Amino acid sequence: MNLRGNTFEKIDKRVTYWMANQGIKLLRISIGIIFFWFGALKFFEGLSPAQGIAVQTIDVISFGLLPEKLILYGLAVWEVLIGIGLLFNIFLRETLLLLYLQMIGTFTPVFLFPDQVFTVFPFGLTFEGQYIIKNLVVVSAGIALGATVRGGRLQAEKESQ
């Protein structure tokens, strides 16, 4: 017996099929917008809230060999390229590789600068810490998108007979 009613079931199926058909594309585009936008902000000094910790992290892992402007503009280009690849669905394997490598760098401050990431370890997060931890969603999105490079897709449940 259908407790919700036939109208609800029909609408629910249509919405579910739409989500299955459009979900990956919308995920790719939304993550692409985020990378393009956040990368573009780094071209303009002081607009990116992650600028300081990003430069500091790359400075440490590159042993101080790179000038700050090169770090900042290099990261900006990297993120904009990820954004373009996702937005236009081009070079998806390479784009996702850049995304995964960037995510490794994004989580590095948790280990290098815990005092800048946590107000109270391990639960209280600073603004920068929140900015970092939200990237768990980006990593998951990258995994879901990666599942499509060989034809994988979301599929709504088939109607039972």
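This report concerns the structure included in the present document.

Scanning the protein chain from N- to C-terminus turns up seven helices and two strands. In the protein chain, the succession of helices and strands from N to C terminus is α-α-α-α-α-β-β-α-α. Taking 2.2 N^0.38 as the reference for a compact globule, 161 residues should give roughly 15 Å; the C-alpha atoms of the protein chain span a radius of gyration of 20 Å, well beyond that estimate. Taken along its principal axes, the extent of the C-alpha atoms in the protein chain is 65 × 40 × 25 Å. Each of the 161 residues in the protein chain was classed as buried or not, and the buried ones make up 33%. For the protein chain, the exposed area adds up to about 10600 Å²; of that, 68% sits on carbon and sulfur atoms. The distance from the centre of the 13 positive side-chain charges to the centre of the 11 negative ones in the protein chain is 15 Å.

Attention now goes to the nonpolar core. Judged by nonpolar contacts, the single largest core of 19 residues is most densely connected at I31, F35, L86 and L99. If you list the elements that add at least two residues to this core, you get helix 1 (6–41), helix 3 (68–87), helix 4 (92–112) and helix 7 (135–146). If you tally residues by element for this core, the top one is helix 4, at six residues. Apart from residues no more than four positions distant in its own chain, I31 is found in contact with L86, L99, V138 and A141.

As a further point, take the packing of aromatic side chains. Within the structure shown, the criterion is met by four aromatic pairs. Ring geometry for F38 and Y131: centres 5.6 Å apart, planes at 15 degrees, overall stacked. On the criterion of sequence distance, the pair formed by F38 in helix 1 and Y131 in helix 6 (residues 127–133) is long-range, its members being 93 residues apart. Residue classification places F38 among the partly exposed residues on the basis of a relative accessible area of 25%. Seen in terms of ring centroids, F118 and F121 are 5.0 Å apart; in terms of plane orientation they differ by 80 degrees. Their pairing is edge-to-face. What makes F118 buried here is its relative accessible area of 12%. Residue classification places F121 among the exposed residues on the basis of a relative accessible area of 61%. Here the aromatic cluster, defined as three or more aromatic residues joined through ring pairs, consists of F38, F127 and Y131. The cationic tip of K134 hangs over the ring face of Y131; the distance from NZ or CZ to the ring centre is 4.9 Å.

Thresholds applied
- Residues numbered from 1 in each chain as written.
- Predicted model: local features only at pLDDT ≥ 70, side-chain atom pairs only at ≥ 80, totals over all residues.
- Heavy atoms only, no water.
- Helix = DSSP H or I, 4+ residues; strand = E, 2+ residues; numbered from the N terminus.
- Rg over C-alpha atoms; globule rule 2.2 N^0.38 Å.
- Buried < 20%, exposed > 50% of the residue type's maximum accessible area, 1.4 Å probe, protein only.
- Areas by Shrake-Rupley, 256 points an atom, 1.4 Å probe, with all protein chains shown as cover.
- Lys, Arg positive; Asp, Glu negative; His and termini not counted.
- Charge placed at Lys NZ, Arg CZ, Asp CG, Glu CD.
- Core = buried A, V, L, I, M, F, W, Y, C linked by side-chain atoms within 4.5 Å.
- Contact = heavy atoms within 4.5 Å.
- Phe/Tyr/Trp six-rings, centres within 6.5 Å; stacked < 30°, edge-to-face > 60°.
- Lys NZ or Arg CZ within 6 Å of the ring centre and 35° of its normal.

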